[in-house]
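Residues per chain, in single letters:
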Protein chains: 2
Amino acid sequence: MQKKVEISKVDENFKINNQDNKNLKWINPKNSNLVKVYGLNWFYKDFRYHRFPKETDETIKNLSGSLDVLTANTSGGSIAFYSNTKTLKIKVKLSYMFHMGHMPYTGQAGFDLYLGKSFNELKFYRSSNFDFNNYEYEFTFFENAEINDINLHMLNFPLYASVDEVLIGIDEDATIYSEENLFPNSGKIVFYGTSITQGGCASRPGSSYTQVVARHLGYECLNFGFSGNGKGQIEVAEILSKIENVKMFVLNYEANVYFDQLKQTVWNFIAKLRETYPTVPIILMSKIRFFDENHFASVKKTEHMIRTYQRNVVKKLSQTDNNIYYYDGSKLLGSDFEEKTVDGVHPNDYGFYSIAKVVEKFIAKKL
Amino acid sequence: MQKKVEISKVDENFKINNQDNKNLKWINPKNSNLVKVYGLNWFYKDFRYHRFPKETDETIKNLSGSLDVLTANTSGGSIAFYSNTKTLKIKVKLSYMFHMGHMPYTGQAGFDLYLGKSFNELKFYRSSNFDFNNYEYEFTFFENAEINDINLHMLNFPLYASVDEVLIGIDEDATIYSEENLFPNSGKIVFYGTSITQGGCASRPGSSYTQVVARHLGYECLNFGFSGNGKGQIEVAEILSKIENVKMFVLNYEANVYFDQLKQTVWNFIAKLRETYPTVPIILMSKIRFFDENHFASVKKTEHMIRTYQRNVVKKLSQTDNNIYYYDGSKLLGSDFEEKTVDGVHPNDYGFYSIAKVVEKFIAKKL
């Protein structure tokens, strides 16, 4: 017997919030300088919410796999602005989402809001929940008369969906102005990797470890995690090498390649980045521990071998390169690592915070 | 433009795992003593996966709200057995699930597996992911020739769904026997409360804080969290008071009632439990901090008042009752509490672990 029961009728805390009872002004980041987009490096060139520049579309489409689909995911993107608005809504139009069972829609296709007087005071407010049967949604973050002061608003983009349009709705009479330098520190940290880098399976965008690192270290972090498709292709290295003002590269793609593929790609990938950035720190980070390593001796042995290989890559390169480092990914989740994944593979929010806390310390030392 | 993209084609780590290439024996807990069900107190009386006894169905149905729907959710339930099987599958038939956007299906309607030589060595293995468009699913936890020894298996039931049937599939030639006393310590800890108590929005059943406490303290924990419906009804206290061998009651229902309702119910609720259990420890736990308390002074003030009220209830009762305690829920998420929810209200897995670690220390002292 299947009964259809609406959670919002059972528990009003689970209601999806989308009243529409006020006149608002709607701001489109694509044609307004009142808000600013961060974390999507070519946004102000192509005016689309993609992770790669338009000029590389053909190259990426010709690669095997689904990189072309994933580059259109918005992981790592944010919108920031100052305002004293007492109302904040968004209207979102997605071109697709993945409908995965082990990642909530708030993380896959929702936005989340951080709010505070300044960057250093930003605190999580709430995430957008919506009827995920639709590809268009409206969500009210707040409607609160108590707000008087100017706040910094930071809205994080979805991790596993493509956004065609997002409109920001504020009170008609509210003050709003853009934040030209959201991150206190100059330069970009470029993360390249897998589904885990992309943010699978964070419960909301701000929990993804690259976003946590961005908030904690105060650097813009560009997310080039490509679920199942972080395969170390030289075409990708070429694109990453063209990003301007890079402060550091963090490479963490082991989980997406067979050992042979890793051996075939890692040297050239690093060499390509070095052509443009001869001295910027590069961290080669191995895989976190998956459930099978915990339970099966044969897996543990294989993982040890692949980690050792990466350690040796760095050792070898270090002979002529003073700015390359190895980080042992098996340490990222700490001692109770088996509690920090959703499915034995992808971190839950506990896992993402653990990764962030560990890796940001290492990053900070090497910057 | 909406494109339909299957995540399993993009990233094979996201594949739903349900091969069917072996002869298995299928065990139904309702008619086999090879496995044992824990955490659903009346299972061996009614042989259904409910949280309340069948004899109270009419009473519960007549209450306002949706308690009747939620008592049929399986939060807190587990199946345990020993086996050396090299294959473990489940077949599940749900009568409903809620399809919430801010909680993954692995938590809402999936099972998760803990595996180890003994209770104290149990470690998370993985959770069942499935096609959530269907109400019946099959999932393969493992098919691994490397397994030779007898392992303890603990499968946690879904947190926000109703299970009509679950069948356990193991190798035909495997040894299997039941665990008659899964929990090292005797007696049950009874948790009563809200969606947060029920486990919303944990990424998998084993992340719910009552399940974490059960594993860490080694007591069977009965979960009577009722999303939006933990309203302190005397009929519920009556049912809870009839549970045998209770070691402790933890009451945490503030978030589901208005202040007036709390004042009207809390005294009688506790008094009812005291009729059967005059000296068993009772902890009255106030609400965790929600996002609005962090951002709005008026909310902070109200919350402070309601917490003070509960503290005073305990103070008053303590004059004649040596086993009643107040616990300040605002401390459950620690200092970075704003990062520990999915939506500003419901804990993510980081939040649930924080709650568990804090509350289990307090519980252990009072047991």
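Residues numbered from 1 in each chain as written. Chains lettered and ligands numbered in written order. Predicted model: local features only at pLDDT ≥ 70, side-chain atom pairs only at ≥ 80, totals over all residues. Heavy atoms only, no water.

1. Here's the deal with the relation of the copies chain A and chain B
By a simple turn and slide, chain A fits onto chain B: the slide is 0.0 Å along the axis, the RMSD is 0.0 Å, and the turn is 180°. This pairing of chains is accounted for by a two-fold axis. The fraction of interface residues of chain A whose copies in chain B are also interface residues reaches 99%, indicating that both copies meet through the same surface. (Least-squares fit on C-alpha atoms with pLDDT ≥ 70 in both. Contact = heavy atoms within 4.5 Å.)

2. Remarks on unusual backbone geometry
In this chain, A:Gly200 is followed by A:Cys201 through a cis amide linkage whose omega measures 15°. By the secondary structure assignment, A:Cys201 is in the loop between α6 (195-198) and α7 (209-217). One non-glycine residue, B:Asn245, lies in the positive phi region at around 60°. (Helix = DSSP H or I, 4+ residues; strand = E, 2+ residues; numbered from the N terminus.)

3. Section: the interface of chain A and chain B
Counting from both sides, the interface comprises 73 residues of chain A and, opposite them, 72 residues of chain B. For the pairing of chain A and chain B, the buried interface totals around 6,100 Å² over both sides, and the portion due to carbon and sulfur atoms is 56%. With a closest N to O distance of 3.0 Å, A:Glu339 and B:Arg215 form a salt bridge. Scanning the region where chain A abuts chain B turns up 26 residue pairs in polar contact (both at pLDDT 80 or more). Among the elements that line the side of chain A that touches chain B, the one with the most residues is strand β6 (residues 123-127) of chain A, at five residues. (Buried area = accessible area lost by both parts, 1.4 Å probe. Salt bridge = Lys/Arg side-chain N within 4 Å of Asp/Glu carboxyl O. Polar contact = N/O pair within 3.5 Å; in protein donor to acceptor, adjacent residues only side chain to side chain.)

4. Looking at the packing of aromatic side chains
Residue and element names in this part refer to chain A. Scanning all chains against the criterion turns up 69 aromatic pairs over all chains. Ring centres 5.4 Å apart and planes at 85° place the aromatic pair Phe259 and Tyr309 in the edge-to-face group. Remark: Tyr309 occurs in helix α11 (residues 297-318) and Phe259 occurs in helix α9 (residues 259-276); sequence separation between them is 50 residues. Neither Phe259 nor Tyr309 differs from the other in exposure class; each is buried. (Phe/Tyr/Trp six-rings, centres within 6.5 Å; stacked < 30°, edge-to-face > 60°. Buried < 20%, exposed > 50% of the residue type's maximum accessible area, 1.4 Å probe, protein only.)

5. Side note on the sheet that holds strand β14 (residues 282-285) of chain A
All names here are of chain A. An order of β12-β11-β13-β14-β15 is seen for the five strands of this open sheet, with the pairing classed as parallel. At either margin of the open sheet sits one strand with a lone partner, and together these are β12 (220-225) and β15 (324-327). On average, each strand axis in the sheet is tilted by 15° relative to the strand beside it, whichever way the strands run. Pairing of strand β13 (residues 246-252) with β14, which is carried by three bridges, proceeds in the parallel orientation. Note that in β14 the partner of Val250 across the bridge is Ile283. Against the sheet, α11 engages β14 and β15, with an angle of about 165° to β15. (Pairing = 2+ DSSP bridges. Axes fitted to C-alpha atoms, helices over the stretch in contact; angles between N-to-C directions.)

6. Focus: helix α9 (residues 259-276) of chain B
Residues and elements named next belong to chain B. With 18 residues, α9 should reach 26 Å at 1.5 Å per residue; the first-to-last C-alpha distance of 27 Å fits that figure. In α9, a bend of some 35° at Thr265 exceeds every other bend along the element. Residues of α9 that are buried include every one of Phe259, Leu262, Thr265, Val266, Phe269, Ile270, Lys272, Leu273 and Arg274, and no others. Those residues of α9 hidden inside the fold are in contact with β11 (188-193), α8 (234-241), β13 (246-252), β14 (282-285), α11 (297-318) and β15 (324-327). (Expected span 1.5 Å × (residues − 1). Bend = angle between axes of the 7 residues up to and from the residue.)

7. Let's talk about the packing of α9(A) against α11(A)
All names here are of chain A. Between α9 and α11, the shortest axis-to-axis distance is 11 Å and the interhelical angle comes to 20°. As judged from the angle between their axes, α9 and α11 are roughly parallel. Where α9 crosses over α11, the handedness of that crossing is right-handed. Only Met305, Ile306, Tyr309, Gln310, Val313, Lys316 and Leu317 of α11 make contact with α9, whose side of the interface consists of Phe259, Leu262, Lys263, Val266, Trp267 and Ile270. Across the contact of α9 with α11, the residue classes tally to ten nonpolar, one polar and two charged. (Parallel < 35°, antiparallel > 145°, perpendicular 65-115°, else oblique. Left-handed = near helix turned anticlockwise from the far one by under 90°. Nonpolar A, V, L, I, M, F, W, Y, C, P; charged D, E, K, R; others polar.)

8. Examining the pattern of salt bridges
Close approach of charged atoms allows side chains with opposite charge to pair. Under the defined criterion, the tally for this structure stands at 38 salt bridges over all chains. Between B:Glu338 and A:Lys123 there is a salt bridge; the shortest N-O distance is 3.5 Å. You can see B:Glu338 sitting in the loop between β15 and α12 (349-366) and its partner A:Lys123 sitting in strand β6, one on each of two chains. A salt bridge links B:Glu165 to B:Lys30, with the shortest nitrogen-to-oxygen separation between them at 3.5 Å. Of this pair, B:Glu165 sits in strand β9 (residues 161-171) while B:Lys30 sits in the loop between β1 (24-27) and β2 (36-38), and the two are 135 residues apart along the sequence. On the basis of relative accessibility, which here comes to 27%, the residue B:Glu165 falls in the partly exposed class. What makes B:Lys30 partly exposed here is its relative accessible area of 23%. Salt bridges linked by common partners bring A:Asp112, A:Arg204, A:Arg215 and B:Glu339 together as one network.

9. Observations regarding the domain arrangement of chain A
All names here are of chain A. Split by domain assignment, chain A resolves into domain 1 (18-178) and domain 2 (188-366). Distance between the C-alpha centres of domain 1 and domain 2: 25 Å. Residue-level contacts link 39 residues of domain 1 with 35 residues of domain 2. Roughly 2,800 Å² is buried in total at the junction of domain 1 and domain 2, and carbon and sulfur atoms are behind 63% of that figure. Contact with domain 2 buries surface across domain 1, with Arg51, His102 and Tyr160 losing the most and accounting together for 19% of the total. At the boundary of domain 1 with domain 2, the tally comes to one salt bridge. Where Asp112 meets Arg204, a salt bridge forms, and the shortest distance between an N and an O atom there is 3.0 Å. Our count for the contact surface shared by domain 1 and domain 2 stands at 17 residue pairs in polar contact (both at pLDDT 80 or more). Elements that contribute at least two residues to the side of domain 1 that touches domain 2 include exactly α3 (57-61), α4 (67-71), α5 (105-108), β5 (112-116) and β6. Broken down by element, the residue count for the side of domain 1 that touches domain 2 peaks at three residues, all from α4. A breakdown of the residues in the side of domain 1 that touches domain 2 according to their chemical character gives 19 nonpolar, 18 polar and two charged. (Domains from an automatic or database assignment.)

10. Topic: the packing of α7(A) against helix α12 (residues 349-366) of chain A
Two numbers describe a pair of packed helices, the interaxial angle and the distance between the axes. Residue and element names in this part refer to chain A. Between α7 and α12, the least distance of the axes is 9 Å, while the angle of their chain directions is 50°. One way to sum up the angle between α7 and α12 is to call them oblique. Taken as a pair, α7 and α12 cross one another with a handedness that is right-handed. Residue-level contacts link Tyr209, Val212, Val213, Arg215, His216 and Leu217 of α7 to Phe352, Tyr353, Ile355, Ala356, Val359, Glu360, Ile363 and Ala364 of α12. Here the residues of the contact of α7 with α12 sort into eleven nonpolar, one polar and two charged.

11. A few points about empty space enclosed by the protein
Taken as a whole, this structure holds six cavities of 30 Å³ or more when the rule is applied. Considering only enclosed or pocket space, the largest cavity measures out at about 70 Å³ in volume. Lining the largest cavity are 14 residues, with A:Cys201, A:Ser203, A:Asp349, B:Ser203 and B:Asp349 sitting closest to its centre. Among the residues making up the lining of the largest cavity, the classes are represented as seven nonpolar, five polar and two charged. (1 Å grid on protein atoms, 1.4 Å probe; cavity = no way out; pocket = protein on both sides within 12 Å on 5 of 7 lines; lining within 4 Å. Points joined across faces, edges and corners; volume = space filled by probe spheres on them.)

12. With respect to α12(A)
All names here are of chain A. Relative to the 26 Å expected for 18 residues at 1.5 Å per residue, α12 spans 25 Å between its end C-alpha atoms, a close match to the ideal helical length. Those residues of α12 not exposed but buried are Asp349, Tyr350, Gly351, Phe352, Tyr353, Ser354, Ile355, Ala356, Val359, Glu360, Phe362 and Ile363. Regarding α12, its N-cap is Asn348, as a side-chain oxygen of that residue lies 3.1 Å from the backbone nitrogen of Tyr350 further along.

13. Here's the deal with the environment of A:Lys331
All names here are of chain A. Relative to the helices and strands, Lys331 resides in the loop between β15 and α12. For Lys331, a relative accessible area of 54% gives the class exposed. Each C-alpha atom, one on Lys331 and one on Arg289, is 7.9 Å from the other, the two residues being 42 residues apart in sequence.

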